[in-house]
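Chain and residue survey
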Amino acid sequence: MKRMLAALLLMLGFAFTAVAEEAELGAPAIGEPAPDFTLTDINGKPQALSKFKGKHVVLEWTNPDCPFVKKHYESGNMQALQKEYSTRGVVWLSVNSSAAGKQGNYTPEKWRELQAKWKAAADATLLDPAGTVGRLYGAKTTPHLFVVNPEGKLIYAGAIDDVASADAADIPNSTNYVRMALAESIAGKEVSNPTSKPYGCSVKY
Amino acid sequence: MSKRGRVDLAPFVLGALGLLAAAPAADRPWVSSAPVRDANAEVTLAAPSAPVAHPGGELRVAVRFKIDPGWHIYGEDPGDAGMPTRVDWALPEGVTSGPLEWPEPREFQEGPITTKGYEKEVAPEAVLRVASTAPAGEPLVVKATVRWLSCKEVCVPGKAELVLNIPTEKGETT
C-alpha cells in the first residue's frame, strides 16, 4: 500500500512538472489585447502597461551582457530607433528578466549606470527578476521585441530585424521589423509582417 | 608443398586487409585548412585528399567543429533562442556549393527555453560541383567564412575565415 502510494505520488509529481514546464512560456496572439502588467523601473517607479493606452508601446527584452544586445546598442542602432519613434509619441519600455545570479541581473544603480553609458533612450527600463512578465509574453531571446498599438493590442512579436547575426556590420543590410511595424501602424496600415523568429541569447530565467 | 605456401601467405594478406578495414574514417588522409580557434571552438575545412575529377566532378567538403566541453553550437534551426551557423563560401569560377547538411541535433533545456544544437564535435558537409567549363587540372581553392554562436549559459559569437587547397586532376570520364 505504502509503495503504491509512493508510486502514485511520484507519477503525480512527474505530471505536475510536465504541465509546469509546458505552461511556463505564454504566447500572446497578434491582434489580441497585450497582457497588462506592472513592474518597477530602475528608478524605483512602478510602470503599468495599461497606463500607456492611447499610445504605441514597444517592449524590448534586454540583457546588457548578451552579444546580440551589444550588437544593436554599441552600434547605436537601438538608440536611433528609440529616438526616432520617441519623437512620434511611441513609448519604449526595455525589460530585463534575468533571474538573481544569472547573466544580466543587476541592481537598479548598476542599471542606471549601464543605460547612461549606452545613452539608451527608452522611456523606462523595467526589472523582472522573477521572470513573470517575460513568461507572460513568452520572451525567449535578448533582444525580443513586441509592439502594442494605441488600442492595447499586440501588433508585432519577434526579432528586431531579418539578419540573425551578432555582427553589427550586418545592420545596414537588414530590414528592421520593429521600424516597419511602427511605421505601418502609425500610417493606419495593417502590419505586413506581424511575427518573426527572434534570435539572440536565451532570456536568463 | 603448394598448399603449405598458400597457408604461409594468408596471414600477410589478411593482416594487410585487416589494417585497411580497421582504419577509422578520421584516420584516412584528408586535406584540411589551418584550424581557427574562436568562441570556445576550433574550426577547420576538410575534404578527402583523393584528387577530384576536374572539371565536371563533385566533392564533399566538411566544416569541422571541435567544441570545448560544456559548450554547444547551433545548426540551421537553433530552436527557441540562439543563432543559426552561417557559412559563406567564396569559390573559384565555375564551382557551386550545395546546402550544408547537418546531422540530427540534440536538445538543450535552459529553464523554459529549448534550443537545438551540437556539443563536442560536429562536421556538417556540403557538396561542391565543378562546372565542366571550369579550367582543368588546377587546384581548387575553397574559402569559407564561418559564423556561429557558442553557448554555455552565456553565449559568445565566433568567426573563422578558412582556406582549403584541394588537389585535382584532369577529368577523364567527362
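Coordinates for the structure precede this section.
This text gives an overview of the structure that appears in the document. It should be emphasised that the depicted structure is a prediction, and the values quoted were computed from it without experimental measurement. Every chain is numbered independently, its residues counted from 1 as its sequence is written. Working convention: letters from A go to chains and numbers from 1 go to ligands, in the order in which they are written. Per-residue local features of the predicted model are confined to residues with pLDDT of at least 70, and side-chain atom pairs are confined, for both listing and counting, to 80 or more; whole-chain, interface and lining totals are unaffected and use all residues. Side-chain metrics rest on all non-hydrogen atoms present in the structure, leaving aside hydrogens and water.

Observations regarding the state of the cysteines
All names here are of chain A. The rule for a disulfide is simple: a pair of cysteine sulfur atoms within 2.5 Å. Scanning the model with the defined rule gives two disulfides over all chains in all. The disulfide partner of Cys66 is Cys201, and the gap between their sulfur atoms is 2.1 Å. Across the S-S bond of Cys66 and Cys201 the torsion is about 90°, and the bridge reads as right-handed. One end of the pair, Cys66, is in the loop between β3 (57-61) and α2 (67-74); the other, Cys201, is in strand β9 (residues 201-202), with 135 residues separating them in the sequence. Note on conventions: DSSP H or I runs of at least 4 residues are helices, E runs of at least 2 residues are strands, and numbering of each starts at the N terminus.

What to know about the packing of aromatic side chains
Two aromatic rings, drawn from Phe, Tyr or Trp (for Trp, its six-membered ring), form a pair once their centres lie within 6.5 Å of each other, and the interplanar angle then sorts them: stacked below 30 degrees, edge-to-face above 60, tilted otherwise. Enumeration over the complete set of coordinates arrives at ten aromatic pairs over all chains. Pairing Tyr137 of chain A with Phe146 of chain A gives two aromatic rings, centres 5.4 Å apart and planes at 70°, and the pair type is edge-to-face. No difference in accessibility class separates Tyr137 of chain A from Phe146 of chain A, as the two residues are buried. A centroid spacing of 5.6 Å and a plane angle of 75° characterise the contact between Phe65 of chain B and Trp148 of chain B, whose relative ring orientation is edge-to-face. With a gap of 83 residues between them, Phe65 of chain B in strand β5 (residues 58-67) and Trp148 of chain B in strand β13 (residues 140-152) connect regions that are remote in the sequence. The same class applies to Phe65 of chain B and to Trp148 of chain B, which are both buried. Both a distance and an angle decide whether a charge sits over a ring: NZ of Lys or CZ of Arg must be within 6 Å of the ring centre and within 35 degrees of the ring normal. Lying over the aromatic face of Trp30 of chain B, Arg64 of chain B brings its terminal NZ or CZ to 4.7 Å of the ring centre. Positioned above the aromatic ring of Phe108 of chain B is the side chain of Arg106 of chain B, whose terminal nitrogen or guanidinium carbon lies 4.1 Å from the ring centre. Exposure categories follow from relative accessible area, calculated using a 1.4 Å probe and restricted to protein chains: below 20% of the type maximum is buried, above 50% is exposed, and the middle band is partly exposed.

What about the pairing of strand β5 (residues 124-127) of chain A?
Residues and elements named next belong to chain A. Burial of the side chains of β5 extends over both faces: Ala124 and Leu126 are buried on one face and Thr125 and Leu127 on the other. Sheet topology places strand β1 (residues 38-41) next to β5; two bridges connect them, and they run antiparallel. Counted as the bridge partner of Asp41 is Leu126 from β5. Each pair of strands is called paired provided DSSP finds at least two bridges between the two strands. The pairing of strand β4 (residues 91-96) with β5 spans four bridges and is parallel. The residue of β5 that forms the bridge with Val95 is Leu126.

Concerning the interface of chain B and chain A
In this complex, chain B contributes 19 residues to the contact, which on the side of chain A involves 24 residues. In this description, buried area is defined as the sum, over both parts, of the accessible area (probe of 1.4 Å) that is lost when the two are combined. Taken over both partners, the interface formed by chain B and chain A buries close to 1500 Å², and the fraction arising from carbon and sulfur atoms is 59%. Three residues, Asp80, Pro112 and Ile113 of chain B, lead the burial of chain B against chain A; their summed loss comes to 31% of the area buried on that side. The salt bridge definition used is simple: a Lys or Arg side-chain nitrogen within 4 Å of an Asp or Glu carboxyl oxygen. The interface formed by chain B and chain A contains five salt bridges. Two residues, Lys204 of chain A and Glu110 of chain B, come together in a salt bridge whose shortest N-O distance is 4.0 Å. Here, two residues are considered to be in contact whenever any of their heavy atoms come within 4.5 Å of each other.

Side note on helix α3 (residues 77-86) of chain A
Turning to α3 of chain A, its buried residues number three or more, namely Asn77, Met78, Gln79, Leu81, Gln82 and Tyr85 of chain A. Structurally, α3 of chain A contributes buried residues whose contacts are with β3, α2, β4 and α6 (177-186) of chain A.

Examining the pairing of strand β3 (residues 41-48) of chain B
Residue and element names in this part refer to chain B. The element β3 is largely enclosed, with a buried count of six among its eight residues. Sheet analysis places strand β1 (residues 30-32) next to β3, joined by three bridges and oriented antiparallel. Within β3, the residue paired with Trp30 across the bridge is Pro48. As defined by bridge partners, strand β2 (residues 36-38) adjoins β3 across three bridges and the pair is classed as antiparallel. Paired with Arg37 across the bridge in β3 is Glu42. Hairpin connection between β2 and β3: a loop of two residues separates the two successive antiparallel strands, and Ala39 in this loop has a positive phi of roughly 45°. Direction of pairing for β3 relative to β5: antiparallel, over a ladder of six bridges. In the sheet register, Ala46 faces β5, and the bridge partner there is Ala62.

A short note on α2 of chain A
All names here are of chain A. For α2, the tally of buried residues reaches six of eight residues, placing the bulk of the element in the interior. Here α2 has its buried residues at Pro67, Phe68, Val69, Lys71, His72 and Tyr73. Gly76 occupies a position one or two residues after α2 and carries a positive phi of about 85°.

As for the nonpolar core
To qualify as a nonpolar core, a set must consist of buried Ala, Val, Leu, Ile, Met, Phe, Trp, Tyr and Cys residues joined through side-chain atoms within 4.5 Å. Counting 33 residues, the largest nonpolar core has Phe65 and Trp89 of chain B as the members making the most contacts within it. For Trp89 of chain B, the residues in contact, after removing those within four places along its chain, are Leu45, Val61, Val63, Ser97, Leu100, Ala126, Val142, Lys143 and Ala144 of chain B. Counting residues in hydrophobic clusters, the runner-up holds 29 residues, among them Phe68, Val178, Ala181 and Val191 of chain A.

Comments concerning the sheet that holds strand β7 (residues 144-148) of chain A
Residues and elements named next belong to chain A. Pairing is mixed across the open sheet formed by seven strands, whose spatial order is β2-β1-β5-β4-β3-β7-β8. In the strand order of this sheet, the two ends are held by β2 (46-48) and β8 (154-158), each with one partner. Between one strand and the next, the sheet's axes are offset by a mean angle of 30°, whatever the strand orientation. Bridge count between β7 and β8: four bridges; the pairing is antiparallel. Only the stretch in contact is used when a helix axis is fitted, and all axes are lines through C-alpha atoms; the angle between N-to-C directions ranges over 0 to 180 degrees.

A word on the side chain of Thr62 of chain A
Along the polypeptide, Thr62 of chain A turns up in the loop between β3 and α2. Apart from the residues within four sequence positions on either side, Thr62 of chain A is in contact with Val69, Tyr73, Ser94, Val95, Asn96, Trp111 and Thr142 of chain A.

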